[in-house]
Amino acid sequence: MNHELQQQLLKIARNEIRISYSAEEAIALCSSKIGGNPAVPVDFIWPMYTDEDGTSRPLSFMAQINLKETAKYDKEGLLPKKGILSFFYDLYAMPWGFDPKDKGAARIYYFSDETELISMDAPEQPEEETEIPALAVAFEEHISLPYPENLYDADFDWDEYEECCEDLGYESDEMGDVTKLLGFPDVIQSPMETECEAVTRGYRQGCPEDDARIPDAEKADIKAKASQWILLFQMGTIPTDEGEIMFGDCGHLYFWIKKIDLQHCCFDRVWCILQCG
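Sequence order as written defines the numbering, with residues in each chain counted from 1. Totals for whole chains, interfaces and linings use every residue, but because this is a predicted model, local features are given only for residues with pLDDT of at least 70 and side-chain atom pairs only at 80 or more, for both listing and counting. Excluding hydrogens and water, the side-chain figures rest on all heavy atoms present in the structure.

(A) Geometry of the environment of F88. Examined against the element boundaries, F88 turns out to sit in strand β7 (residues 84–89). In sequence terms F88 and P58 are 30 residues apart; their C-alpha atoms lie 9.3 Å from each other. Under the scheme used here, helices are H or I runs from DSSP no shorter than 4 residues and strands are E runs no shorter than 2 residues, and both carry numbers assigned from the N terminus.

Here it is, written out as structure tokens:
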């Protein structure tokens, strides 16, 4: 056992709120849930996304989180104490999030007063697979540990890292199973903070040629500002009666937000990334 690595992990460990699903016949309008119909204001305009071909389609409603239900699990006090967060995404095209053109393919709405909300049916979708059945959720407080690249100057190997994580009660999910709020992401391909900062400045990511287009001076600033991004919501495979809805091949959706925006309940500048095996 690498005790030095274990202590380093504990020093930077975060709290995450694990989310499990279950099928129930009736879910209250403003309860946390996956899929189904969202609770929204009467004048809510359903978000649409127009792709490069000029095709416009409604985003899929992915989940809603009643923040009164999560407050006791949010040990770091990062989330608002009340209100509802609603997550939407283009489940038809499943954009990866490495292109600035993907802006608008994922949206988060914050409704501070749940007493003014109604249930709303989704507009007609291009495919049945873009509609998610309603699933009740349960929350659990859980330790969250970082991807190895976050461990600067650490002397360890992968086996030691995985052993330490397991002993501390955390096993990284590379199969797209874990859905959660906050904490560190379960990285499948590579860390995403720098990608979020670069792509939201208008720089496409994904290959060395993309990186080469960024001026050197701005690269340094992007790297410095990347740490401002934190994981808000990670969504894994969704079970359905017909099988499951999977993001790519056993992948995750990751909704990222700058910490300052979360503090001010500004959810219109989030960025969503899809990673899979």
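(B) Molecular detail of helix α3 (residues 158–167). For every residue, the accessible area (1.4 Å probe, protein chains only) is compared with the maximum for its type, and the residue is labelled buried under 20%, exposed over 50%, or partly exposed between those bounds. Here α3 has its buried residues at Y161, C164 and C165. The buried side chains of α3 occupy one side of the element, clustering within an arc of 100° when seen end-on. Residues of α3 that are exposed and point over 90 degrees away from its buried face: D159 and E166. Buried residues in α3 make contact with α1 (3–12). Just beyond α3, the residue with positive phi is G169, at close to 90°. This arc is built from the directions going out from the helix axis to the C-beta atoms. Contact criterion: two residues are considered in contact whenever any of their non-hydrogen atoms come within 4.5 Å of each other.

(C) View of unusual backbone geometry. One non-glycine residue, C250, adopts positive backbone phi at about 55°. In this structure, C250 sits in the loop between β14 (243–245) and β15 (252–258). Positive phi is not limited to glycine here, since C265 has a value of about 55°. Relative to the elements of secondary structure, C265 occurs in the loop between α7 (259–263) and β16 (271–275). Look at C265 and you get partly exposed, because its relative accessible area is 29%.

(D) Representation of the environment of T130 within the structure. Relative to the elements of secondary structure, T130 occurs in the loop between β9 (117–119) and β10 (135–144). The sequence separation of T130 and R201 amounts to 71 residues, and the corresponding C-alpha distance is 29 Å. Excluding residues within four positions of it along the chain, T130 makes contact with S60, L91, Y92 and Q125.

(E) Quick peek at the layout of surface pockets. The pocket and cavity definitions rest on a 1 Å grid over protein atoms only: a 1.4 Å probe that fits but cannot leave marks a cavity, an open set with protein on both sides within 12 Å along at least five of seven lines marks a pocket, and residues lining either have an atom within 4 Å of a point. Grid points are joined across faces, edges and corners, and a volume is the space filled by probe spheres set on the points. Looking at the second largest pocket, its volume works out to about 360 Å³. Along its surface, the second largest pocket is lined by 22 residues, and K103, D268, R269, V270 and W271 are the ones closest to its centre. Taken together, the elements giving at least two residues each to the lining of the second largest pocket come down to β8 (106–111) and β16. If one sorts the elements of the lining of the second largest pocket by residue count, β8 sits on top with three residues. Here the residues of the lining of the second largest pocket sort into twelve nonpolar, four polar and six charged. Under the scheme applied, nonpolar residues are Ala, Val, Leu, Ile, Met, Phe, Trp, Tyr, Cys and Pro; charged residues are Asp, Glu, Lys and Arg; polar residues are all the others, including Gly.

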